[in-house]
Every structure is written in C-alpha cells, then in structure tokens.
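# Examination of the molecular architecture
The chain contents come next:
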Amino acid sequence: MVPVSSLRPLLFSVAVLVLSDRPLNIFFGAGVFTTIGACTAITSFFSGSVVSKWFCLVVPKVVVKLFVIIMSKPLMKNDSSKSQSADDVNNSLWKGMRNIAFTLMENASQDAETMEASSSIDVTEGVDCKLGRLQIGLSYDFQSLTLTLKVIQATGLVAKDFTGTSDPYVKILLLPDKRHKLVTKVKKKNLNPRWNESFLFEGWPHNKLLEKTIYLQVIDYDRFSRDDPIGETYIPLNEVDLSQSPIMWRYLQPCKDSRGKLGEILLSLSYQPAVGRLNIIVMKCKDLKAKDITGASVLHLLRDPYKHSTSDPYVKMWLKFGATRMEKKKTSIKMRTLNPVYNESFFFEIPWDKIREAAIEVIVMDFDKVGRNEMIGKIILSSKSGPLETRHWNDMITKPRQQVAQWHLLKD
C-alpha cells in the first residue's frame, strides 16, 4: 500500500502540469509525474518490503528537491514580445508552486526530526524519591572479559550542607563483594555534577557477571565530620543486555544503611493561614530503637538480646522560634512496643507572618518508671532544616488547609 506522504510529490507535479504555461515547467513536471508513477508500480510489486518503502519515501523527495533546485534558477527570456504583466503573473504562479514544494520538504524534515527526538527520550528507572537521579553507561568486551562502568552524571541531588548545596561523589561496589570499593572524584558545591569517569572490572566471564549486582551510592563529602549519604541504586547485571552497551538513568533511593538505626515517624501537617493555626497529627512510628530489656533469663538474653528488647515510646513536640522553646505538646505512652500507633492531633498557634520563622522539634522518647526518660531520636520541621523536613514544611505552606503526610527518619 502506498503511504500518503508519497502522494505529495505526485499532487505537486499534477499542479505544475495544469497551471504552468512554460514548456520547461511542463517538461520537468511531466518528469516528476513519470517518476512517481514508476515508484507506485515498484511499490505495488514489492509491497511491504524495504524496497517498497525506499521507493515510496526516498525517491519522490529526491526528485522533487532536484526539481526545485533547477526551477529556482532564473530562466532566459527568449521571447521579447511577451508583455510585462504576463511575465509577472507567470513568476507569481511559479513562486507559489515553489513555496508549496519547499513546504512539503520542510514538513518531511520536521517529521524526521520529531521521530528522532521521540526515540531519544530519557527514561529513568525506579521510584522518584526526590533525592536526584544518576546516569551511567555499561559495556562488556567479550574478548578481554572486561566490564566497563562509566559514571556519567547526576541531576537534582538534594542539598546536605547548610549552605544549600552538596559535595557529591559516587561509591561503587560489585556485590556481593563489599571489600573492594571504588569511588569517583568529589565535585564541590554541585547538585548536578558531571563525572564522566570509567571503571574497569577485568577478568570476569560473562556468565559470572550475571550473578553480580552493581551498587552505586551517591555521598556528600564532609571535611570535618562523617560523610552524609544522599541516595543509592542497585543494578542486577542479569537484567542488563551488556552486548548493547546501554546508557541508563536511575532514580536514587534512600540508603538502607541509614534506615532502621533509630526508627521512623509518620506525621501529617496542616496549616490554616486565616486563623494562624498549625495542626500536627502524630500517626505512628516504626522500627524504633529498643531502650529497655524485658524480663528474661540470662540465657535467653545471651542467645538473642534483640528479641527481648523493647521501648515505652511517646512523642514530645516543642514550638520554637530560633533557639527559644515556646510551647510543648506530647502524646500518650505506648508500652512495650517498637511500632507504636498514636493517631493523636495537636494544635499550635502560629501567625502567618511568623510561619517561616517557626520550627517544630519532634522528639521520640522512651518512658522509664525508675530512671530518666531517654531520647530515641528526633527531627526538626521548619523551612531551614534537612531536605526532607524542609520539603514537608514547604508542602504544608503551599497546600493550606490540607493534610500533608510524610515519613521521616529519626536522627540522634
């Protein structure tokens, strides 16, 4: 079947034959018409093949382009008896037909560019946790048994420094081996770093690599304290076609080694600007760090100390302006559990003009009847705290009178 796009030059040549009074125009128009007819016949003979598509799409466009180039050159005026008005009409007609031809060629070019652009759209794998994304490339030399990993760039990384930026680098492991670690260079004060660094894993047969997983962790370098992980991603090599040398984007996920140490808390925030009232719902906590040891024999404690450990958690909240604590609220105590459920609601009065100066310090405590209550972990919700806490606070401000819930990792 002949594509509609191949009929454009045919219609163009018919228009030239009908409307033009120049012999040379008629000659080339007839040539185009004959060429398109031949293409149509060949298309019918080779229907559905590569030859058919080539004659339908390529040949007509080449003929039309050649026709436009030749006819765009000025013609010699052999007949001096023609009137100026007739010549103007002919030039105007030919100019209009030439514009049509150029339009057809431009449309074809734009269609090709659109198809090329659509085929090169970046597809990012994973869940967007708003931590940023990482681009890498993989290739494998089957002769030298060498896997090449290229760390290309990262975009949209979260800021870990108080200056609103990060100093990121990438740590690489070929799991399950955790002893041999590779790292990229540190990119100072950059949330969209470009590394373009390649790492070689030599002497690995292809069937052995299919049992491995590439682990990449983006970390914020800190000169005076412990480096702060930004996010991580895993790439099982049995899910990658190394013969295609793929280049891929991956969303960074929260680092597992930063989870579960102190636990997490789920909070819901809502702010009413008209009355200046902040509502906080303490929903629940999970995987809290144990602070107490329940009644058990020494033998049981030696065998599994964590099985007999628990806490009596409650949540305490302070409304703060700067370093000054203004008002305190707290939940009920949930006895002997590391996964308490509260669903308790609290209100703080904060005027609209003070909302960006305010902060809520949320502290999860372990209640102790005999000794002093111990802190399990805490977070600070404000417009100037950590990246996840700040995002939650800003979401609350931009969505007035709506409940905005989010999990938070407890910090010490």
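The structure contained in this document is the topic of the report that follows.

Basis of the calculations
- Residues numbered from 1 in each chain as written.
- Predicted model: local features only at pLDDT ≥ 70, side-chain atom pairs only at ≥ 80, totals over all residues.
- Heavy atoms only, no water.
- Helix = DSSP H or I, 4+ residues; strand = E, 2+ residues; numbered from the N terminus.
- Buried < 20%, exposed > 50% of the residue type's maximum accessible area, 1.4 Å probe, protein only.
- Contact = heavy atoms within 4.5 Å.
- Areas by Shrake-Rupley, 256 points an atom, 1.4 Å probe, with all protein chains shown as cover.
- Phe/Tyr/Trp six-rings, centres within 6.5 Å; stacked < 30°, edge-to-face > 60°.
- Lys NZ or Arg CZ within 6 Å of the ring centre and 35° of its normal.
- Salt bridge = Lys/Arg side-chain N within 4 Å of Asp/Glu carboxyl O.
- Pairing = 2+ DSSP bridges.
- Axes fitted to C-alpha atoms, helices over the stretch in contact; angles between N-to-C directions.
- Expected span 1.5 Å × (residues − 1).
- Arc of directions from axis to C-beta.

On to the overall build of the protein, then. A tally of helices and strands in the protein yields seven helices and 19 strands. Of all 412 residues assigned to the protein, the portion counted as buried reaches 37%. In the protein, the share of contacts with a sequence separation of at least 24, taken over all contacts with a separation of at least 6, comes to 63%. When the accessible surface of the protein is summed, it comes to about 24000 Å², and 56% of that surface belongs to carbon and sulfur atoms.

Turning to the packing of aromatic side chains, a few remarks are in order. Counted by the stated rule, this structure contains three aromatic pairs. Between Tyr 140 and Phe 142, the ring centres sit 4.7 Å apart and the planes meet at 90 degrees, which makes this aromatic pair edge-to-face. Note on Tyr 140: relative accessible area 9%, which makes it buried. Aromatic pair Tyr 215 and Tyr 234: ring centres 4.9 Å apart, planes at 50 degrees, arrangement tilted. With Tyr 215 in strand β7 (residues 213-220) and Tyr 234 in strand β8 (residues 228-236), the pair connects residues that are 19 residues apart, well separated along the chain. Given the relative accessible area of 7%, Tyr 215 is considered buried. The cationic tip of Arg 133 hangs over the ring face of Trp 249; the distance from NZ or CZ to the ring centre is 3.9 Å. The ring of Phe 348 has Lys 329 sitting right over it, with the charged end atom 5.7 Å from the ring centre.

So, on to the pattern of salt bridges. For the coordinates displayed, the defined rule picks out eight salt bridges. The closest approach of N and O atoms between Arg 179 and Asp 177, which form a salt bridge, is 3.7 Å. Asp 177 gets classed as partly exposed once you look at its relative accessible area, which sits at 25%. In this structure, Arg 277 and Glu 349 form a salt bridge, with 3.3 Å as the shortest nitrogen-oxygen distance. Of this pair, Arg 277 sits in strand β11 (residues 277-286) while Glu 349 is found in strand β16 (residues 341-349), placing the two residues 72 residues apart along the sequence. When salt bridges with common partners are traced through the structure, they connect Lys 320, Arg 325, Glu 361 and Lys 378 into a single cluster.

The four strands are arranged β15-β14-β17-β18 in an open sheet whose pairing can be described as antiparallel. Unpaired on one side and paired on the other, β15 (324-330) and β18 (374-382) mark the two borders of the sheet. Recorded for the sheet is a direction-independent mean angle of 25 degrees between the axes of neighbouring strands. As defined by bridge partners, strand β14 (residues 313-321) adjoins β15 across six bridges and the pair is classed as antiparallel. The partner of Lys 320 across the bridge, within β15, is Arg 325. Those strands touched by helix α7 (residues 387-398) are β17 (358-366) and β18, and its axis lies near 50 degrees from that of β18.

Burial within strand β10 (residues 264-272) is extensive, with eight of its nine residues counted as buried. Of the pairings in the sheet, the one linking β10 to β11 comprises nine bridges and is antiparallel in character. Within the sheet, the bridge partner assigned to Gln 272 lies in β11 and is Arg 277. Hairpin geometry of β10 and β11 is characterised by an intervening segment of four residues between the two adjacent antiparallel strands and by a positive phi of about 65 degrees at Gly 276. Pairing analysis gives six bridges linking β10 to strand β19 (residues 404-409), with the strands arranged antiparallel. Residue Leu 267 lies in a different strand from β19, and its bridge partner there is Gln 406.

Let us look at the environment of Lys 185. Of note, Lys 185 is situated in the loop between β5 (182-183) and β6 (194-202). With a relative accessible area of 58%, Lys 185 lands in the exposed category. A C-alpha to C-alpha distance of 8.5 Å links Lys 185 and Glu 197, two positions 12 residues apart in sequence. Not counting the four nearest positions on each side in its chain, Lys 185 is found in contact with Pro 168, Tyr 169, Trp 195 and Glu 197.

Moving on, we get to α7. End to end, α7 covers 16 Å across 12 residues, agreeing with the expected 16 Å (1.5 Å per residue, within 8%). Within α7 the residues assigned to the buried category are Glu 389, Thr 390, His 392, Trp 393, Met 396 and Ile 397. The arc that holds the buried residues of α7, viewed along the axis, is 160 degrees, so those residues lie on one side.

Attention now moves to the sheet that holds strand β1 (residues 124-125). Neighbouring strands of a sheet are bound in pairs by backbone hydrogen bonds; such pairs are parallel or else antiparallel. Spatially, β1-β9-β2-β3-β6 is the arrangement adopted by the five strands of the open sheet, whose pairing is mixed. The open sheet has two edge strands, β1 and β6, and neither has a second partner. Here strand β2 (residues 133-141) runs beside strand β9 (residues 247-251); their pairing, made up of five bridges, is antiparallel. Across the sheet, the residue bridging to Ile 136 is Met 248, located in β9.

Let's shift gears to the environment of Val 183. Relative to the helices and strands, Val 183 is located in strand β5. Sequence spacing of Val 183 and Ile 219 is 36 residues, and the spatial spacing of their C-alpha atoms is 10.0 Å. The residues touching Val 183, leaving out its near neighbours within four places in the chain, are Tyr 169, Val 170, Lys 171 and Phe 199.

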